Every structure is written in C-alpha cells, then in structure tokens.
Amino acid sequence: ELWVAGEGPDTHRLRSLHDGDDRIAWLGRIDEADKLARLRGASVFCAPSLHGESFGVVLIEAMAAATPVVASALDGYRNVATDDVDSVLVPPGDPDALAAALRRVLVDPLLADRLVTAGLARAEHFAMRRLADEYVALYDAIAR
C-alpha cells in the first residue's frame, strides 16, 4: 500500500490518473501524530521531490522513526542524507531510478537494516537535546 500524505500542485492530476487504484491511499494533510505513526509503520519512506527543498527535516524524521529513506538527490536533502550510507538518493525526476531504489530497499533486508542503523545515528546528530547541549556549552564558553 502506498500512502501519499500532503497536497501539492500535481495532487489532483495524479489522483485522477490513479483513480480506482486501491493500493494508493491519498491521505491529504495529516497531523503530527498520524505522520509519526505512519513513519514508524512504513517499510520505506520516499521523498521524490523535484525542487525547492532547502533542508531535509522530513528525512531526519523518517530516519528517527527507524524507517529506511529513498529520496531525490536535491541539495537540501543532501544536507542531511548521504547516498548508500543512511539513505538511497536518486536523480530528481527519474522515475526509473526511483522505482529501482525503492525495489532495492524493499527486497534487500540487509540494505534496509543498514540504512536504518545509519539513519538513526544521523537523526541523533540533529536531535534537539544534543543541539541544546551544544548551545549551552557554547554559551558557557562565551560567558567565561
């Protein structure tokens, strides 16, 4: 089953192209609790963005939920994700590469486990408690 969360400029067109495909659940806008539950329950998180992503917060959220990540190799996503380390990144707008990457993660449990382990470590790097501790240490150093 494919969950499509959020709305975008192509949502209406894509829904009409796939009308009647009961494998696709068009969720629309979802709340934070539903998003986190779905991230934790997903076999893979896919972010096939084409442009406009300045930072990959959604990728960090998926990594923190212990979900393997497949995403477009946009600059914003590459700020947080590394191909074949904590994610599989593909050229934006290349549906064949995206499909192949998703297939790899779904059929190779060793790859998925490796991505999850590295993703959890990467998400920890961005954890608010860790960042807060770093800021406190910086402020203490400056105050001295």
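Structure first, text after, so check above.
A brief structural summary. (Residues numbered from 1 in each chain as written. Predicted model: local features only at pLDDT ≥ 70, side-chain atom pairs only at ≥ 80, totals over all residues. Heavy atoms only, no water.)

Moving on to a nonpolar patch on the surface. Side chains of Tyr-135, Leu-138, Tyr-139 and Ile-142 sit close together on the surface and give an oily, nonpolar patch of about 510 Å² of accessible area. Within the fold, Tyr-139 resides in helix 7 (residues 128–143). Taking relative accessible area as the criterion, Tyr-139 reaches 56% and is therefore assigned exposed. (Patch = residues over 30% accessible without salt bridge, like charges linked within 9 Å, V, L, I, M, F, W, Y side chains within 5 Å. Areas by Shrake-Rupley, 256 points an atom, 1.4 Å probe, with all protein chains shown as cover. Salt bridge = Lys/Arg side-chain N within 4 Å of Asp/Glu carboxyl O. Helix = DSSP H or I, 4+ residues; strand = E, 2+ residues; numbered from the N terminus. Buried < 20%, exposed > 50% of the residue type's maximum accessible area, 1.4 Å probe, protein only.)

The next thing to look at is helix 5 (residues 95–107). Compared with the 18 Å implied by 1.5 Å per residue over 13 residues, the 18 Å span of helix 5 between its first and last C-alpha is a close match. If you check which residues of helix 5 are buried, you get Ala-97, Leu-98, Ala-101, Leu-102 and Val-105. What you see down the axis of helix 5 is that its buried residues fit within an arc of 130°, all on one side. Exposed side of helix 5, more than 90 degrees from the buried face: Pro-95, Asp-96, Arg-103, Leu-106 and Val-107 are the residues found there. Two or three places before Asp-96, at the opening of helix 5, Asp-94 has a side-chain oxygen 3.2 Å from that residue's backbone nitrogen. (Expected span 1.5 Å × (residues − 1). Arc of directions from axis to C-beta. Polar contact = N/O pair within 3.5 Å; in protein donor to acceptor, adjacent residues only side chain to side chain.)

Let us look at the packing of helix 3 (residues 57–64) against helix 6 (residues 109–125). For the pair helix 3 and helix 6, the least separation of the axes is 8 Å and the interaxial angle reads 120°. As the angle between them shows, helix 3 and helix 6 are arranged oblique. Crossing handedness for the pair helix 3 and helix 6: left-handed. The residues of helix 6 that touch helix 3, namely those facing Ile-60, Met-63 and Ala-64, are Gly-119, Leu-120, Arg-122 and Ala-123. Classifying every residue of the contact of helix 3 with helix 6 by side-chain character gives five nonpolar, one polar and one charged. (Axes fitted to C-alpha atoms, helices over the stretch in contact; angles between N-to-C directions. Parallel < 35°, antiparallel > 145°, perpendicular 65-115°, else oblique. Left-handed = near helix turned anticlockwise from the far one by under 90°. Contact = heavy atoms within 4.5 Å. Nonpolar A, V, L, I, M, F, W, Y, C, P; charged D, E, K, R; others polar.)

Attention now moves to the packing of aromatic side chains. On inspection of all chains with the given rule, the structure shows two aromatic pairs. Aromatic pair Phe-55 and Phe-126: ring centres 5.7 Å apart, planes at 75°, arrangement edge-to-face. You can see Phe-55 sitting in the loop between strand 3 (45–47) and helix 3 and its partner Phe-126 sitting in the loop between helix 6 and helix 7, a full 71 residues away along the chain. (Phe/Tyr/Trp six-rings, centres within 6.5 Å; stacked < 30°, edge-to-face > 60°.)

In this section: the sheet that holds strand 4 (residues 69–72). The strands making up a sheet associate through hydrogen bonds between their backbones, and the pairing can be parallel or antiparallel. Within the open sheet, the three strands sit side by side as 3-4-5. Their pairing is parallel. Strands at the two margins of the open sheet, each flanked by one partner only, are strand 3 and strand 5 (88–90). The average undirected angle you get between the axes of adjacent strands in this sheet is 15°. Where strand 4 meets strand 5, three bridges bridge the pair, whose relative direction is parallel. Across the sheet, the residue bridging to Ala-71 is Leu-89, located in strand 5. (Pairing = 2+ DSSP bridges.)

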